[in-house]
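Structural description and commentary
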Amino acid sequence: MSPLFEEIVEDPAAAEVPTRRVAITVNGQRRVAEVEPRLLLAHLLRQGLRLTGTHTGCDTTNCGACTVLFDGEPIKSCTMLAVQADGHEVTTVEGLSSMSELSPVQEGFKDEHGLQCGFCTPGMMMAATALLKANPNPTEEDIRWALSGNLCRCTGYQNIVKAVLWAAAKLRGEEPTHDGAA
Amino acid sequence: MYPSRFRYEAPRELTEAIKLLHEGQGEAKVLAGGQSLVPLLKLRFAAPELLVDINNLPGLDYHRVEPDGTIRVGALCRHATLERSGSLAQRQPTMAAAAPLIADPLVRNRGTLVGSLCHADPQGDWAAAVTALDGRVVAAGPDGVREIPIRQFATGPFENALRYDEIALEAVIPAPKGTPAGGYLKLERRVGDFATAGVAVAVELSGGLVTRAGIALCGVGPSTIAALDAEQALAGQALTAAAIERAGDLAAQAAQPRRDHRGSVEYKRHVIRTFVVRILRDIAGAAERAA
Ligand SMILES: Cc1cc2nc3c(=O)[nH]c(=O)nc-3n(C[C@H](O)[C@H](O)[C@H](O)COP(=O)(O)OP(=O)(O)OC[C@H]3O[C@@H](n4cnc5c(N)ncnc54)[C@H](O)[C@@H]3O)c2cc1C
Ligand code: FES
Ligand code: FES
């Protein structure tokens, strides 16, 4: 991966604004960028690194569409400065699948129709991925709790919960069924 | 939305962090979990010249219960750590009950208890819990370290007693003399919302009597409210039905709610009363079963 130098703003005042070089491991690859301190991690991911799977759905840290894993923990990337990620590991939705295969969580969302418009889906899948790592055998209640920072305006959450149950069964090596139970 | 421009430093030593704040002359701000500050920066409600990120300071992410029962929570201990803490679950029921009710799981992975106290949001849950427990904040500045009792720490809505060049290092909960009991109840419209009304109760019991009572409210006034009359009325008493009802009444009187989209004044007072009574009844019930 070649280093990436991101020009943030074009106005002349920007020349006087000190930028910082950050090195962040994004989806397993070291990425280097020159950032203004006020750049949010979500914006670095989307605009600087062109990883547009991470969505931003609000200005108030409420929606969770921007959820990424930061050193393995799900956080809202709109509420962290890109400079703060220097030296850390970030996983975005693009990091869930391999070239040829969806991750079990992604498969579950597909199989159980865990999305409608899809706007909340990347965030949902990141939070779900972190949950299943910590708790391979979650109850419906556990899932609702873990996803409670992620808002969905379409689905009513029913199928999202089923999708995560599906993924949990699959990850445990069981045959997932459509009612979510194994 | 972008925050306005600021300089950013993430020192690895406390003395350096304090020096930066000192040189900032009040135009610098500490960045901890960022879960209150970054939203304010984004909305440009805050526009500091310099952010001093304390996340690289070593050794501040602890929380521990000492042998005598004193609890110490470092400035970088996240809400989620406290939510999962076995030692809090065993030793400190008020804090254990409050932790999972703060914000949402994503915010809890970053936000800190000490940052919450510093933010001094009248709706902050930790401020109510720590007030009920009569805790204190340990702060370091150019002149050394000092302790500030929690009941003097918030000086107004979103204002605290720290000098501009001080950093809060930890929150301390004093060791209980009796058996600690307590709880935290919060009415929120949905997960992740701030409290319509929140009640923290922390009592110490000895020989069937309440030896110390702490009751604090959030969401129902311009800052965290210590329900002093209710606390005094309980001290030295047995948790009888009458004593519990009276504490509920006194706490509801101490509340200073305002009517807003979350509810009317009467409604909020009613919730406060109900929560105080509910927590105290639970404590009385558990004490009876244990006896
Ligand atoms: C969607 C959402 C919902 C929320 N819901 C709730 C809720 O229900 N209940 C609740 O209590 N809170 C809630 N919060 C706030 C959350 O708990 C924050 O984590 C907390 O208020 C601030 O802690 P922080 O570590 O993130 O501090 P920061 O955001 O980093 O800082 C907050 C303020 O405190 C100062 N500060 C922080 N740490 C220190 C220190 N060590 N020394 C000196 N100054 C310091 C900063 O300069 C800043 O002014 C919510 C936040 C969001 C985004
Ligand atoms: S964009 Fe809505 S929480 Fe981050
Ligand atoms: S699928 Fe549309 S917001 Fe969730």
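Right above here is the structure, for reference.
Structural notes, computed from the coordinates.

Rules behind the numbers
- Residues numbered from 1 in each chain as written.
- Chains lettered and ligands numbered in written order.
- Predicted model: local features only at pLDDT ≥ 70, side-chain atom pairs only at ≥ 80, totals over all residues.
- Heavy atoms only, no water.
- Helix = DSSP H or I, 4+ residues; strand = E, 2+ residues; numbered from the N terminus.
- Buried < 20%, exposed > 50% of the residue type's maximum accessible area, 1.4 Å probe, protein only.
- Areas by Shrake-Rupley, 256 points an atom, 1.4 Å probe, with all protein chains shown as cover.
- Contact = heavy atoms within 4.5 Å.
- Buried area = accessible area lost by both parts, 1.4 Å probe.
- Salt bridge = Lys/Arg side-chain N within 4 Å of Asp/Glu carboxyl O.
- Polar contact = N/O pair within 3.5 Å; in protein donor to acceptor, adjacent residues only side chain to side chain.
- Nonpolar A, V, L, I, M, F, W, Y, C, P; charged D, E, K, R; others polar.
- Pairing = 2+ DSSP bridges.
- Axes fitted to C-alpha atoms, helices over the stretch in contact; angles between N-to-C directions.

Here we look at the overall build of chain A
Looking only at helices and strands, chain A features five helices and five strands. Listing each helix as α and each strand as β along chain A from the N terminus yields β-β-α-β-β-β-α-α-α-α. Buried positions account for 51% of the 182 residues belonging to chain A. Accessible area for chain A stands at about 8,600 Å²; split by element, carbon and sulfur atoms hold 49% of it.

So, the interface of chain B and chain A
Opposite the 32 residues of chain B that make contact, chain A presents 34 residues. Across the chain B/chain A interface, buried area totals approximately 2,700 Å², and carbon plus sulfur atoms make up 57% of it. Our count for the chain B to chain A interface comes out at four salt bridges. Put simply, A:Arg20 and B:Glu9 hold a salt bridge, and the shortest N to O gap is 3.3 Å. Between the two partners, chain B and chain A, sit 11 residue pairs in polar contact (both at pLDDT 80 or more). Of all elements in the fold, only strand E1 (7–9), helix H2 (37–42), strand E3 (50–53) and helix H6 (105–108) of chain B reach the threshold of two or more residues within the side of chain B that touches chain A. The class makeup of the residues in the side of chain B that touches chain A is 16 nonpolar, five polar and 11 charged.

Comments concerning unusual backbone geometry
With a phi angle near 60 degrees, A:Arg50 is a residue other than glycine that sits in the positive phi range. Turning to its location among the elements, A:Arg50 is positioned in the loop between helix H1 (41–48) and strand E3 (67–70). What makes A:Arg50 exposed here is its relative accessible area of 63%. The backbone of B:Ala103 sits at a positive phi, close to 50 degrees, despite the residue not being glycine. In this fold, B:Ala103 is placed in the loop between helix H5 (93–98) and H6.

Let's talk about the sheet that holds strand E14 (residues 225–226) of chain B
Residue and element names in this part refer to chain B. Taking strand neighbours across the sheet as the criterion, the four strands line up as E11-E12-E13-E14 in an open arrangement whose pairing is antiparallel. Both outer strands of the open sheet, strand E11 (179–187) and E14, are each paired with one neighbouring strand and no more. The pairing of strand E13 (residues 209–218) with E14 spans two bridges and is classified as antiparallel. The residue of E14 that forms the bridge with Ala-216 is Ala-226. In the packing of helix H8 (residues 125–132) onto the sheet, the strands contacted are E11, strand E12 (197–206), E13 and E14, and the crossing angle to E13 comes to about 160 degrees.

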